[in-house]
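Secondary and tertiary structure notes
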Amino acid sequence: MGIIAPSILSADFMKLGEQVRTLEESGCRWLHIDVMDGMFVPSISFGMPLIKSIRKDSRLFLDVHLMVKDPERYIHEFAAAGADSISIHAEACAHIDRTLQAIRDEGVKACLALNPATSVHAVDYVTDKLDMVLLMTVNPGFGGQSYIPAMTKKTRDMRQLLDENGCENVPIEVDGGINGSTIGESMEAGAEIFVAGSAVFRGDLASNFRKLSTRTLGEPQDDFVRIV
Ligand code: DX5
Ligand code: ZN
C-alpha cells in the first residue's frame, strides 16, 4: 500500500475547505490532522471542532495525530468528532496498552507514535493492539523541518521488528520532512503511509499531491479506506 496523507498543519486556514476539496478531487484518500496541546510540544494547533467540521463535509480517512500529554483523556471525544485513526505518543502516555485498547473499542484504528530518539522496542509488548505505527522523522511540533537521515534505518528496524512479531499487516507511517527527495529512501526502508505538510501545501496543491502520489505503490488496503 502507498498513501500520501497531507498534513493540514501547513494549510491556509482561510481556505481550508477549498483546499480539502481540491485534495479530494486530486485523488487524495487520507488527511493527517496534527493536534498539539502546548505541553507535549510547544505549539498549539486545533482540536475536536475542526475535525467535526471536516468530517461533516468529507469522506477522507481522518488520520488524527495527538501530540498531546495524557491522550487517554481525549480518546472518546476525538473518536466522536470523526477520527478514523488516532495516534498517541509513547512518550506522552503512561498507559499505552489501555489507551490503544480504548481507541480500538471506539472502532478507530489504533496507532503508536514514536519520537525520533525513542527505540523501536517501545512497541514490543503492544504489538497485538496496533493497527499502525507512526515514526516521527523530525522532532514533533512544527511543519517544514528537515527529515532526520537516521530515521531510514529506524524505519527498516521497525519493519523487521513488526514482521518478526506477526504484524506483517501493520503499516508504518512516517511524519516529517517527507518530500520528493526523501520519500524514496523511506519507502525503500518499509514505510507505506507518508505524511506531507509543506511538500503538499507549499505551491500548487493539486500538482504537488499528484507528483508525490505517483511515487507511492498501489492503493490503500480496504480497511484503511473510509467506507461511507
Ligand atoms: C510535525 C507534524 C507533522 C508536520 C509535517 O510535528 O506531526 O505532521 O505537519 O510537516 P512537514 O511535512 O512540513 O515536515
Ligand atoms: Zn503529524
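Look up: the structure comes first, before these words.
Quick caveat, the model's predicted, so the values are computed rather than measured. Position numbers for residues count from 1 along each chain, tracking the sequence in the order it is written. Note on labels: chains are lettered from A, ligands numbered from 1, in written order. Reporting in this predicted model follows two pLDDT cut-offs: at least 70 for local features of residues, and 80 or more for side-chain atom pairs to be given and counted; totals over whole chains, interfaces and linings ignore these cut-offs and use all residues. Computation of side-chain values: all heavy atoms of the structure, hydrogens and water removed.

Points about the nonpolar core
This is how the line gets drawn: Take the buried residues of types Ala, Val, Leu, Ile, Met, Phe, Trp, Tyr and Cys, join any two whose side-chain atoms come within 4.5 Å, and each joined set is a nonpolar core. Throughout, exposure labels follow a simple rule: accessible area from a 1.4 Å probe, protein chains only, divided by the maximum for the residue type, with under 20% read as buried, over 50% as exposed, and the rest as partly exposed. Note on contacts: a residue pair is in contact if any heavy atoms of the two residues lie within 4.5 Å.
Judged by nonpolar contacts, the single largest core of 61 residues is most densely connected at Ile8, Ile33, Ile86, Leu112 and Met158. The contact partners of Ile8, leaving out residues within four places of it in the chain, are Phe13, Leu16, Leu31, His32, Ile33, Phe46, Leu50, Ile54 and Phe201. One finds Met1, Ile3, Cys111 and Val195 within the second-largest nonpolar core, a separate group that totals 14 residues.

Comments concerning the pattern of salt bridges
Applicable threshold: The rule for a salt bridge is simple: a side-chain nitrogen of Lys or Arg has to be within 4 Å of a carboxyl oxygen of Asp or Glu. Every helix listed is a DSSP run of H or I at least four residues long, and every strand listed is a run of E at least two residues long, numbered separately from the N terminus.
Under the definition given, this model contains eight salt bridges. A salt bridge links Asp12 to Lys15; its shortest N-O distance comes to 3.9 Å. Look at Asp12 and you get partly exposed, because its relative accessible area is 31%. Of the charged contacts, one joins Glu192 and Arg159 as a salt bridge, the two residues approaching to 3.9 Å between their closest N and O atoms. Of this pair, Glu192 sits in the loop between helix H6 (183-189) and strand E8 (193-196) while Arg159 sits in helix H5 (residues 151-164), placing them 33 residues apart in sequence. The same class applies to Glu192 as to Arg159, namely buried. Here the residues in one salt-bridge network are Arg159, Asp163 and Glu192, joined through shared partners.

Observations concerning the sheet that holds E8
What counts, and what does not: By definition, two strands form a pair when at least two bridges between them are found by DSSP. To get an axis, a line is fitted to the C-alpha atoms, and for a helix only the part in contact is used. The angle between two axes follows their N-to-C directions and goes from 0 to 180 degrees.
The eight strands lie next to each other as E1-E8-E7-E6-E5-E4-E3-E2, forming an open sheet whose pairing is parallel. Both outer strands of the open sheet, strand E1 (3-6) and strand E2 (30-36), are each paired with one neighbouring strand and no more. On average, adjacent strands in this sheet sit at an angle of 25° to one another, irrespective of strand direction. In this sheet, strand E6 (residues 132-136) lies alongside strand E5 (residues 109-114) in parallel orientation, the contact comprising four bridges. Residue pairing in the sheet places Ala113 in a bridge with Leu134 of E6. Taken strand by strand, H5 contacts E5, E6 and strand E7 (172-175), and its axis lies near 165° from that of E6.

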